[in-house]
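Architecture at a glance
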Amino acid sequence: DTGISNTSGGRAWGVPDSIELPDGRIRLYWVDTPVGSPDPPNGYEVIKSAISSNGLIFTEESGYRTEGGYVDPYILVAEEGNWIGLFSLMLPHLEPMKMYIGTSTDGLTWSIETDPIITVSGGHAFDPTAVPLGDGSYRVYYGSILNEEPLVDPSLKSGILKPK
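The shown structure was predicted, so the numbers you read here are calculated from the model rather than taken from an experiment.

About the thresholds
Residues numbered from 1 in each chain as written. Predicted model: local features only at pLDDT ≥ 70, side-chain atom pairs only at ≥ 80, totals over all residues. Heavy atoms only, no water. Helix = DSSP H or I, 4+ residues; strand = E, 2+ residues; numbered from the N terminus. Buried < 20%, exposed > 50% of the residue type's maximum accessible area, 1.4 Å probe, protein only. Contact = heavy atoms within 4.5 Å. Areas by Shrake-Rupley, 256 points an atom, 1.4 Å probe, with all protein chains shown as cover. Phe/Tyr/Trp six-rings, centres within 6.5 Å; stacked < 30°, edge-to-face > 60°. pLDDT = per-residue confidence, 0-100. Core = buried A, V, L, I, M, F, W, Y, C linked by side-chain atoms within 4.5 Å. Pairing = 2+ DSSP bridges. Axes fitted to C-alpha atoms, helices over the stretch in contact; angles between N-to-C directions. Polar contact = N/O pair within 3.5 Å; in protein donor to acceptor, adjacent residues only side chain to side chain.

1. Notes on the overall build of the chain
- Check the secondary structure of the chain and you find zero helices and eleven strands.
- Counting only residues that meet the buried cut, the chain has 45% of its 164 residues in that class.
- In the chain, once contacts between residues fewer than 6 apart in sequence are set aside, the share between residues at least 24 apart is 43%.
- Surface summary for the chain: the accessible area is close to 8600 Å², and the carbon and sulfur share equals 51%.

Given below as structure tokens:
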């Protein structure tokens, strides 16, 4: 038992990402559906987090890291006062998922840019991950679907991200 669970019993639970904090502890982020909210496409998902000193047993942190449909977290930078993350936005009624970048000073409260950094014409962009390239930029990999229905014929795409 990791110490975390799906609080609502809904389908939307997962897409975890973990990051080592500046103090050496581990923070785990994951997607959940709040209690009382219907599963997507009619409800909104949130991102939750938990802390661990050993990477095995986690204590859930209170509140949500994001609300309003931002999901699929991937944290690029976790430095004291300087956090950068990638997020997908999943809105009700299966609007196309787009990818956004967010910043934080503590990894708990996020400010997410209003303009997407990745869109897929006629489809969805989701589940980002990234690899630092050593020059301050990242190779970002993400899932892409060119259909209206999610999870049908997905493909893997990539691009270069150069944070400001």
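2. Quick notes on the packing of aromatic side chains
- In this structure the tally under the stated criterion is three aromatic pairs.
- Between Tyr70 and Tyr100, the aromatic rings sit 5.6 Å apart at their centres with planes inclined by 90 degrees, giving edge-to-face as the arrangement. Separated by 30 residues along the polypeptide, Tyr70 in strand β5 (residues 70-79) and Tyr100 in strand β7 (residues 98-104) bring together distant segments of the chain.
- Taking the centre distance of 6.5 Å and the plane angle of 90 degrees together, the rings of Trp83 and Trp110 count as edge-to-face. In this pair, Trp83 is assigned in strand β6 (residues 82-89) and Trp110 in the loop between β7 and β8 (111-112), connecting sequence segments 27 residues apart.
- Each member of the aromatic cluster is reached from another via a ring pair, and the members are Trp83, Phe87 and Trp110.

3. Thoughts on the confidence of the model for the chain
- For the chain, the mean per-residue pLDDT works out to 85, and 83% of the residues sit at or above 70.
- Mean pLDDT across the elements of the chain bottoms out in strand β1 (residues 14-20) (88) and peaks in β8 (96).

4. Section: the nonpolar core
- Counting residues in each nonpolar core, the largest one holds 15 residues, and the members touching the most others are Leu76, Leu86, Val140 and Tyr142.
- If you look at the next biggest cluster of nonpolar residues, it comprises 14 residues, including Leu21, Ile75, Leu89 and Tyr100.

5. Considering unusual backbone geometry
- Positive phi outside glycine occurs at Asp72, with the angle close to 55 degrees.
- Positive phi, normally seen in glycine, also occurs at Asp127, with a value near 50 degrees.
- Inspection of the secondary structure puts Asp127 in strand β9 (residues 124-132).

6. Overview of the sheet that holds strand β10 (residues 138-145)
- Read from one edge to the other, the open sheet built from three strands follows the order β9-β10-β11, with strand pairing classed as antiparallel. If you trace the sheet from one side to the other, it starts and ends with β9 and β11 (155-161), each paired once. The mean angle between the axes of side-by-side strands here comes to 25 degrees, regardless of whether they run parallel or antiparallel.

7. A look at the pairing of strand β3 (residues 46-52)
- Counting buried residues along β3, seven of its seven residues qualify, which places the element largely inside the surrounding structure.
- Here β3 shows no split at all, with Val46, Lys48, Ala50 and Ser52 on one side and Ile47, Ser49 and Ile51 on the other all buried.
- Judged from the seven bridges that link them, strand β2 (residues 26-32) and β3 form a sheet pairing that is antiparallel. From the neighbouring strand, Tyr29 faces β3, where its bridge partner is Ser49.

8. Observations regarding the environment of Asp72
- By secondary structure assignment, the location of Asp72 is in strand β5.
- Sequence separation of Asp72 and Leu86 is 14 residues, and the distance between their C-alpha atoms is 7.8 Å.
- Ignoring sequence-local partners within four residues, the contact set of Asp72 consists of Val15, Val31, Leu86, Phe87, Ser88, Met97, Phe126, Asp127 and Pro128.
- Within the structure, Asp72 has its side chain in polar contact with the side chain of Ser88 (distance 3.2 Å).
- Polar side-chain contacts of Asp72 include one of 3.0 Å to the backbone nitrogen of Asp127.

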